[in-house]
Amino acid sequence: MLIALLFLSISFLAACSNSVGASASHDEKPFFEKDSSTEMVPVNAGNALAVLGTNSDLAKVNERPQMQVSLNYEFSMGQHEVTCGEFNELMKTFSGLELECDHDSLPATNLTFYDAVLFANERSKAERLDTVYSYSGAIFDNERHCTNLEGFVFHPEVDAYRLPTEAEWVLAAVQNWNPQNAWTAENSDYKLHKVCGKADSTAKFCDMVGNAMEWVNDWLGGFRDTTLSNYVGAPDGGSLGQRIVKGGSFRNAASSITLYGRGDVYTVTSSTRADYVGFRIAKGSIPSAVWMGTDGKAAESRVALLASSATMRSVMGTYKVKLVFRNDLSGNLAYVDYSGGILSVVEILDSIEVYHPEISPDGKRVAFCTGLEGVSGKSELYVRDLNADGSNLVKLKVESAAIPRWRVLENGDTVIVYVTDAGNNKDETSFKSTSTWQVKFSNGKFGTPQKLFDGAYHGGISEDNTLAVTGARLLRARIAKKGSTLTNARDTIWYKDGVNAEQACNVSLSKDGSKRTAFLDFGGKTGRAFVGKSYATHERLLIADSTGTLQMSVAAPSGFTFDHSEWATGAENKVVATLTNVNGAHQKVVLVDLADSSVVDLLEGDELWHPSLWVNGAMSVVNVVLDKDSAGFYMREGDAWGVALMRQNMELLWQYKDSVDVAVVGSSRSMFSTMPSLMSDDFFMVNFSQTPNSIHMSKDFLDLYLFHHLKKLKYVIVSLDFDFWFKMGDEESDNFFQNTYRSYPGYVYDKNHNYWQDGYPEGLLEYTKNDLNVEPYLQFETDRGALLEYFCGGWRVDDPLVEVDTTAFDSQLYLYENSLNSLIGIIESAQNRGVTVIGVVFPQNPYYKNTGSFGRYGTRRSLAEKYISYFEELASQYSNFIFLDENKMGNHEYRAELFADEDHLCVEGAKVFSAKLDSLLRTLK
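Computed from a predicted model, the values in this text were never measured in an experiment.

## Let's talk about the overall build of the chain
Helix and strand counts for the chain come out as 15 helices and 54 strands. The C-alpha atoms of the chain give a radius of gyration of 30 Å, which matches the 29 Å a tight globule of 925 residues would have. C-alpha atoms of the chain, sized along the principal axes, occupy 95 × 80 × 50 Å. Expressed as a percentage of its 925 residues, the buried residues of the chain come to 61%. Put simply, of all contacts in the chain between residues at least 6 apart along the chain, 68% involve residues at least 24 apart.

Put into structure tokens, the structure is as follows:
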């Protein structure tokens, strides 16, 4: 499995009524009509209201405020979760995935979101229906679970099988919401049960509370205090690619399961799976579906990502690719960063019109103008940072500036070339009245503009300063004489039928030194003669050499024509363009590879204009003999948070392997509590904590990697999270190194080379860094592996959150003993290397003293006292083990304002603990 989800981390509001779930219209039809033959229950929604979210201050930010959704269509939904037998019958042949279940009537679980939507598609095809989900390619792990669908698009207008939306799920669930009468931790024996086997078996929908949590269709987005019609979630999952799960499971205490809950303790993505998460299916088209992004604006359209980071790497040779464009519906600048792994279309909200954006040579900024090619008039030019805020907006203070082009001069200066007017250039006199300028841009500021020459040459200037091109009716070129520059050059018209100039536009000069020109024409005589047949306006992308002679052409895909063609920055033979459909809408952004004339779909939307593509594929690895497709490949696109944290850990390991003398391993508790930057200069600490985590995983990470590569290692800090020592040590219990690692070529490559224990191979760090960028996943500011939580909201005073019943594992105490043995294994391995181990029990909400639970994840307090005594005995038995109890059974000195939640310190608490740890280490040194 990739990464297991853990436990639902939300509070429960006991009262459930229409005010927190759904309200019916006065339609004559009942809400629900059961069809037992198909196990699908028709829902005649009419104008029913589903109420999402809550106004409770105890809820997560993404669960607030309460929002109403009006559903004005009919659909049907499965009476129960898809069963193991149903899933295997349909999917074994399709994907080779066959679940191991104790009984066919158990819910099908341990499935990714993509596994679920593939099942829905196959159910549709089995009934000869169209499919709701389209995609261009699928990626499966070694167990045949689908971890990514390339070019994945949800089509709400299709009447076929799919996952229910969150609003649909809530509308159904509220009719029989009763956590106290469901398969929860209190009465499930901590295992799945047959569907519809509880007291709600006579309900129209079974097991919506407990048994198995359930995937729904939506991307996770925010709420607003408003009413939306036919809401289907966010347009994408944001920088983390987050999905939604609903309903709680057999692992959750009834009091922790709420109707408004949307997730888990840890980030839920499309590739996440767990043995307590399943799904049910819905059927029916959603008319006029509405998405709502992070800007809080509802829209009946969204920009769909059609190419993955992996596709971009295969085409460009690197993940370090960025794409900007104008969303013509909003007038805003939008961008995609393919290096982040979790792809999202980020729109920079502003009232300034954005045309012809171009990314800076370093990929950090974007220049744009307010004027449009072919339209005369005043235009303003701006530069802003290429981030979600579009920060550091700077305006060029000139009368008019249009169509910016970045250049790096021979002296190293970065400049922007622009023109005074980008209008129709057909009239010679009007063209000569315009001019081309450049202005230096450094440290976020413009320099003094400098005129280059007359004429608006906005198609680009060659690197050697001998050629400039432009096009807004005519393809004009300015050519320097041999040994001269463009200051003293001749102007000419290139694209002509004999003596008559033909129309050309979207002119762009290559940025790879070849001085080739890409442009579009109107199917004129010259182009037809070169191609050898007739074609429509903009149907061919034409390429001319440095003399203006046609060199090649590429046909647009059937049913489309090209527009807005531009050479990519930092890549050879690559052109980005939009595709216009028969109705004139700019429906797609595509990448044209001139090496083989292939056209790769990148984006799809209603009106996408003026794309600019930036590539930075440089990698400083010299004389390295490593497999470029395996080395450092520790993460895939769309992966769960835990995989991203491990990817970060591997980069930290290879970067600091020769410096680390203090290593921290463990769970999110140690990750948020131990800050390397606060250690004395005597120590160099890296926080290698990981979540989800088990003590078995910490042991494996140390044995396989850290003990061998950290040559200066003297101290290991390990979190003693014995309230979840019921984890078995296999992949189902958060041990990445048992099986999950097999899905990542980097770890397999390491294993096949004995984890490089015979010597670190030069270049592995560089390959790791050149892999997907992990920063967008982390959500927090980092400190050499530590995550810094600045929200110090404190704990809950009256009712500390208990996620797992304290008696759940009374019959499986051997699991705790196995965890204790793993700790002893860590201590003994460290002893053989002269390394001291400091075991830490991190503080939790002190009000657990008033419950029967040691902490957030259960464990009887009597059992906790027993294990604390074991740790004290180990400290007396092993000279290299020190036990540090910061919880003291709740009698600690950490105040509420030092906590982020029940069992994690915020940054203020981390400062307190880190200072204590530093003092202890200095006494040992």
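## Here we look at the pairing of strand β45 (residues 608-615)
With respect to burial, β45 is a largely interior element, 8 of its 8 residues being buried. Bridge analysis of strand β19 (residues 321-327) against β45 gives 6 bridges, and the strand direction is antiparallel. Note that in β45 the partner of K322 across the bridge is W614.

## So, the pairing of strand β46 (residues 662-665)
With burial as the criterion, each face of β46 is covered, one bearing V662 and V664 and the other bearing A663 and V665. As paired elements, β46 and strand β47 (residues 685-687) share 3 bridges and run parallel to each other. Note on β47: the bridge partner recorded for A663 is V686. A crossover connection joins β46 to the parallel β47 through helix α8 (residues 668-673); in handedness this β-α-β unit is right-handed. Sheet analysis places β46 next to strand β48 (residues 715-719), joined by 4 bridges and oriented parallel. Bridged to A663 within β48 is V716.

## Quick word on helix α10 (residues 745-752)
Within α10, the full set of buried residues consists of G746, Y747, Y749 and D750. All buried residues of α10 lie within an arc of 160° about the axis, which places them on one face of the element. In this structure, the buried side of α10 is in contact with α7 (641-656), α9 (695-709) and α11 (764-769). Of the residues one or two after α10, N754 is the one with positive phi, at around 55°.

## Description of the environment of T165
Structurally, the position occupied by T165 is in the loop between β10 (161-162) and α3 (166-173). Of the residues examined, T165 reaches a relative accessible area of 1% and is grouped as buried. The spatial distance from the C-alpha of T165 to the C-alpha of L884 is 47 Å, given a sequence separation of 719 residues. Discounting residues that sit within four places of it in the chain, T165 has contacts with Y73, V216, N217, D218, Y231, V232 and I286.

## A look at the pattern of salt bridges
Applying the stated rule across the entire model yields 43 salt bridges. The partner of E127 in a salt bridge is R123, with the nearest N and O atoms 3.2 Å apart. Between E399 and K378 there is a salt bridge; the shortest N-O distance is 3.3 Å. Of the two residues, E399 sits in the loop between β25 (394-395) and β26 (402-408) while K378 sits in the loop between β23 (365-369) and β24 (381-385), which places them 21 residues apart along the sequence.

## Here we look at the state of the cysteines
In this structure the tally under the stated criterion is 3 disulfides. C196 shares a disulfide with C206; S-S distance 2.2 Å. Negative torsions about the S-S bond denote left-handed disulfides, and the value of about 100° found for C196 with C206 makes this one right-handed. Of this pair, C196 sits in the loop between α3 and β11 (213-219) while C206 sits in the loop between α3 and β11, and the two are 10 residues apart along the sequence. No difference in accessibility class separates C196 from C206, as the two residues are buried. Note that C792 is cross-linked by a disulfide to C906, the S-S spacing being 2.1 Å. Handedness of the C792-C906 disulfide follows from its S-S torsion of about 100°: it is right-handed. One end of the pair, C792, is in the loop between β50 (786-788) and α13 (814-831); the other, C906, is in the loop between β54 (881-885) and α15 (907-924), and 114 residues separate them in sequence.

## Things to note about the environment of M685
With respect to the helices, strands and loops of the structure, M685 is situated in strand β47. Spatially, the C-alpha atoms of M685 and Y382 are 43 Å apart, while their sequence positions differ by 303 residues. Leave out the neighbours within four places in its chain, and M685 touches D661, V662, V664, T674, M675, P676, M679, R784 and L917.

## Considering the side chain of T768
In this structure, T768 sits in helix α11. At 2.8 Å, the side chain of T768 forms a polar contact with the backbone oxygen of L764. Apart from residues lying up to four places away in sequence, T768 is in contact with G632, Y634, R647, E651 and W654.

## Considering the packing of aromatic side chains
Describing an aromatic ring pair means giving the distance of the ring centres and the angle of the ring planes. Tallied over the full model, the rule gives 46 aromatic pairs. Aromatic pair F113 and W215: ring centres 5.9 Å apart, planes at 75°, arrangement edge-to-face. A residue pair is termed long-range when its members are at least 10 positions apart, and F113 in helix α2 (residues 113-126) and W215 in strand β11 qualify at 102 residues. Summarising the burial analysis for this pair, F113 and W215 share the class buried. Clustering of aromatic rings is evident, with ring pairs tying together Y634, W654, F688, F701, Y705, F736, F737, Y744, Y747, Y755 and Y760. Between the NZ or CZ atom of R326 and the centre of the ring of W609, over which it lies, the distance is 5.8 Å. Just above the ring of Y760 sits the side chain of K657; from NZ or CZ to the centre is 4.4 Å.

## Here we look at unusual backbone geometry
Here the residue pair R64 and P65 is connected by a cis peptide bond, since its omega of -5° sits within 30 degrees of zero. Within the secondary structure layout, P65 lies in the loop between β3 (48-52) and β4 (67-71). With an omega dihedral of 0°, the bond running from T691 to P692 counts as a cis peptide bond. The backbone of H610 shows a phi angle near 50°, a positive value even though the residue is not glycine. Relative to the helices and strands, H610 is located in strand β45. The exposure class of H610 is buried, given its relative accessible area of 6%. Non-glycine residue M889 carries a positive phi angle of around 55°. Summarising the element assignment, M889 is placed in the loop between β54 and α15.

## What to know about the sheet that holds strand β22 (residues 355-359)
The strand order across the open sheet formed by 4 strands is β22-β23-β24-β25, and the pairing between neighbours is antiparallel. Both edges of this open sheet fall to β22 and β25, since each of them pairs with a single strand only. Sheet topology note: the β23/β24 ladder contains 5 bridges and is antiparallel. Counterpart to R365 in the pairing with β24 is D385.

## Some remarks on α15
If you check α15, its first and last C-alpha atoms are 25 Å apart, about what 18 residues at 1.5 Å a residue would give, namely 26 Å. Considered for burial, the residues of α15 that qualify are V907, G909, A910, F913, S914, L917, D918 and L921. All buried residues of α15 project into a common sector of 165° when viewed along the axis, lining one side.

## Considerations on the sheet that holds β54
One open sheet holds the 5 strands; their spatial order is β47-β46-β48-β51-β54, and the pairing between them is parallel. At either margin of the open sheet sits one strand with a lone partner, and together these are β47 and β54. Across the sheet, the mean angle separating the axes of adjacent strands is 15° when strand polarity is ignored. Together, β46 and β48 form the strand contacts of α9, whose direction differs from that of β48 by roughly 160°.

## Things to note about the confidence of the model for the chain
Of the residues in the chain, 94% reach a pLDDT of 70 or more, and the chain-wide mean stands at 90. Overall, residues 1-37 carries pLDDT values under 50, and its contacts beyond four positions in sequence, including any with other chains, amount to 150 contacts.

## Here's the deal with the packing of helix α1 (residues 84-95) against α2
Two elements in contact, α1 and α2, have axes whose closest approach is 10 Å; the angle formed by their N-to-C orientations is 90°. By the angle between their directions, the pair α1 and α2 is classed as roughly perpendicular. Counting all contacts with α1, which are made through E86, F87, L90, M91 and F94, the residues of α2 involved are D115, L118, F119, E122, R123, K125 and A126.

About the criteria used
- Residue positions are given per chain, counted from 1 along the sequence in the order it is written.
- Reporting of local features is limited, given that this is a predicted model, to residues whose pLDDT is at least 70; pairs of side-chain atoms are given and counted only at 80 or more, and all residues count toward the totals for whole chains, interfaces and linings.
- Working from all heavy atoms in the structure, the side-chain values ignore hydrogens and water.
- In this text, helices come from DSSP runs of H or I with a minimum length of four residues, and strands from runs of E with a minimum of two, each type numbered from the N-terminal end.
- C-alpha atoms define the radius of gyration, and 2.2 Å times the number of residues to the power 0.38 defines the globule rule.
- A 1.4 Å probe rolled over the protein chains alone gives each residue an accessible area, and that area as a share of the maximum for its type sets the label: buried under 20%, exposed over 50%, partly exposed in between.
- Here, two residues are considered to be in contact whenever any of their heavy atoms come within 4.5 Å of each other.
- Strands were regarded as paired on the criterion that DSSP finds at least two bridges between them.
- Convention used here: a crossover is right-handed provided that the path from the first strand, over the helix, to the second strand proceeds clockwise when the strands point away from the viewer.
- The directions from the helix axis to the C-beta atoms are what the arc is built from.
- Criterion for a salt bridge: a side-chain nitrogen of Lys or Arg within 4 Å of a carboxyl oxygen of Asp or Glu.
- Disulfide: a pair of cysteine sulfur atoms within 2.5 Å of each other.
- Counted as a polar contact is a pair of N or O atoms within 3.5 Å, where, for protein atoms, one must be capable of donating a hydrogen and the other of accepting one, and residues adjacent in sequence contribute only when both atoms are in side chains.
- Pairs were defined over the aromatic rings of Phe, Tyr and Trp, the Trp ring being its six-membered one, requiring ring centres within 6.5 Å. Orientation was assigned from the angle between planes: stacked under 30 degrees, edge-to-face over 60, tilted for the rest.
- The rule is short: NZ of Lys or CZ of Arg within 6 Å of the ring centre and within 35 degrees of the ring normal puts a charge over the ring.
- In this scheme, a helix's expected span is set at 1.5 Å multiplied by one less than its residue total.
- In this analysis, axes come from line fits to C-alpha atoms, helices being fitted only over the stretch in contact, and the angle between any two N-to-C directions falls in the range 0 to 180 degrees.
- A residue's pLDDT is the predictor's confidence in that residue, given on a scale from 0 to 100.
- Note that the term roughly parallel is reserved for angles under 35 degrees, roughly antiparallel for angles over 145, roughly perpendicular for angles of 65 to 115, and oblique for everything else.

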